[in-house]
Amino acid sequence: MTAVLLSLYACLALALSNAAPVHHDVMIKDAPEDHSHPKGEDPPDAKPDRCKGIEFDAITPDEKGNTFFFKGDHLWKGFSGPAELSNSIFKELDDYHHLGHVDAAFRMHHQDDLNVHDHIYFFLDDKIFSYYNYTLEQGYPVEIQQEFPGVPSHLDAAVECPKGECITDSVLFFKGNEIYSFDIKTKSVKKKVWAHLPNCTSAFRWLEHYYCFHGYNFTRFHPVSGDVTGTYPKDARNYFMRCGEGFGHGGGARKQRCSEVKLNAITIDDKGRSYAFQDAMYMRLDTHRDGSHHFPISRLWKEISVVVDAVFNYGDNMYIIQGDQVYIYKSAAHYTLIEGYPKPLKEELGIDGPVDAAFLCPNQHIVNVIQGQKMYDIDLAATPRAVKMERPIPFPEIDAGFCDADGVKKQFRQMT
Ligand SMILES: *[C@@H]1O[C@H](CO)[C@@H](O)[C@H](O)[C@H]1NC(C)=O
Ligand SMILES: *[C@@H]1O[C@H](CO)[C@@H](O)[C@H](O)[C@H]1NC(C)=O
Ligand SMILES: *[C@@H]1O[C@H](CO)[C@@H](O)[C@H](O)[C@H]1NC(C)=O
């Protein structure tokens, strides 16, 4: 077990920056204009330009976290850069001339079966191609129904939905206005219609968020209920690609310097999801291969509107401490506030707020609460809960602390 305390300015190795789609300050140089063709009509062999407003056929991350966008026989790798031919990376996609272009694609999430986990599945007409390490797996292509019985051919879109976001490891398939929710383990299919959601021509999961792309727009939806909250549709060119002047949702987005990253709390839940909290935002830490981006805390924890002081997990409950109140959330497909909360911290843990940090090591029931230069041990298995031990700590100021099983890769470069 390794306990990590972060004092004052914590340096997050993956700061709130890198793969975030598009910042307004990034300008992509335009290629010189080609006037040899009538305006608005591309020559047959021209590379499509995603900044002109493309309706993508499919979008998927690969096992390294690169995002691929597909249109016709072209693809784009990542959130910036020009189109290239799909068969320059996925060679066999072009070998079956009777098949059209990629209809749908997703990255399989199924950690119980490492033979398929993280493979990319492409759907072309009635066939599946499965790739890993940019190599077509032996035995492919196969009929869609051979692996996904009950799922129709000629799909429009597909997206993975891991357990924790969906109830079980699932794939959502889209065709017209119908959605087929496929349970990977039981191979059972549930058909749904989300009338308020546009027909998706591609779907993409990015950092626990689910996006339906339609035209050059996209709409964020909840993968279980289909609910759309917020103002949609939005133009994909402002978020998922770098299109230079006139595009972007920057509004001051910029890299934070190490010394500016002041975390309020960090926790790891029973499903291995780890979160850092800073001001009114949170960031998922364990999915950084797909990029990192901060989102409003209220998006996952509806009732939390201001800065949190401390967060820790105990069993499948997440405790969020704010001032002298504690909120307890049940972690399942999403976090739900347990009835009766928030409650006074004093009533729940036998300690007065506010506190600076709190952490619990895996499989333990003693939470360590930090307040100023003191650490208090509180036994969560005891009733009533009360401070069992109090000790001084040798650091001047602690903002966040967490504890994980030994061997888990550290997300933090250093403490300063
Ligand atoms: C991935 O493929 C390349 C060649 O295409 C090969 O050299 C490399 O060993 C492969 N990696 C894995 C992990 O299979
Ligand atoms: C959505 O798909 C349905 C078929 O499932 C079709 O009838 C409808 O016209 C489509 N809507 C749009 C706006 O394309
Ligand atoms: C995209 O969304 C905007 C509203 O944000 C809408 O006015 C426009 O018609 C949409 N375009 C397409 C191609 O869906």
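Residues numbered from 1 in each chain as written. Chains lettered and ligands numbered in written order. Predicted model: local features only at pLDDT ≥ 70, side-chain atom pairs only at ≥ 80, totals over all residues. Heavy atoms only, no water.

Draft legend 1. Broad picture of the nonpolar core. Judged by nonpolar contacts, the single largest core of 35 residues is most densely connected at F90, F106, Y121, F122, F123, F148 and F173. Of all the elements in the fold, those that place two or more residues in this core are β4 (67-71), β7 (104-107), β8 (120-124), β9 (127-132), β13 (170-175) and β14 (178-183). A total of 5 residues in this core trace back to one element, the largest contributor, which is β8. Not counting residues up to four positions away in its chain, the partners in contact with Y121 are A104, A105, F106, M108, V116, I128, F129, S130, Y140, E147 and F148. (Core = buried A, V, L, I, M, F, W, Y, C linked by side-chain atoms within 4.5 Å. Buried < 20%, exposed > 50% of the residue type's maximum accessible area, 1.4 Å probe, protein only. Helix = DSSP H or I, 4+ residues; strand = E, 2+ residues; numbered from the N terminus. Contact = heavy atoms within 4.5 Å.)

Draft legend 2. The side chain of S274, seen in detail. Along the chain, S274 falls in strand β21 (residues 274-278). Once residues lying within four places of it in the same chain are set aside, the contact partners of S274 are T267, I268, M283, R284, L285 and D286.

Draft legend 3. Seen up close, the pattern of salt bridges. Taken as a whole and judged by the stated rule, the model has 22 salt bridges. When the shortest N-O distance is used, the salt bridge between K127 and D126 registers 3.5 Å. With relative accessibility at 25%, the residue D126 sits in the partly exposed group. Each member of the salt-bridge network shares a partner with another, and the members are E160, E165, R205, E208, R284 and D286. (Salt bridge = Lys/Arg side-chain N within 4 Å of Asp/Glu carboxyl O.)

Draft legend 4. Local environment of the sheet that holds strand β18 (residues 217-221). A sheet is described by the order of its strands in space; here 4 strands give the open sequence β16-β17-β18-β19, paired in antiparallel fashion. Every other strand in the sheet has two partners, leaving β16 (202-206) and β19 (234-235) as the edge strands with one partner each. Inspection of the sheet shows β18 paired to β19 by 2 bridges, in the antiparallel sense. Residue pairing across strands places N217 opposite D235, the latter belonging to β19. (Pairing = 2+ DSSP bridges.)

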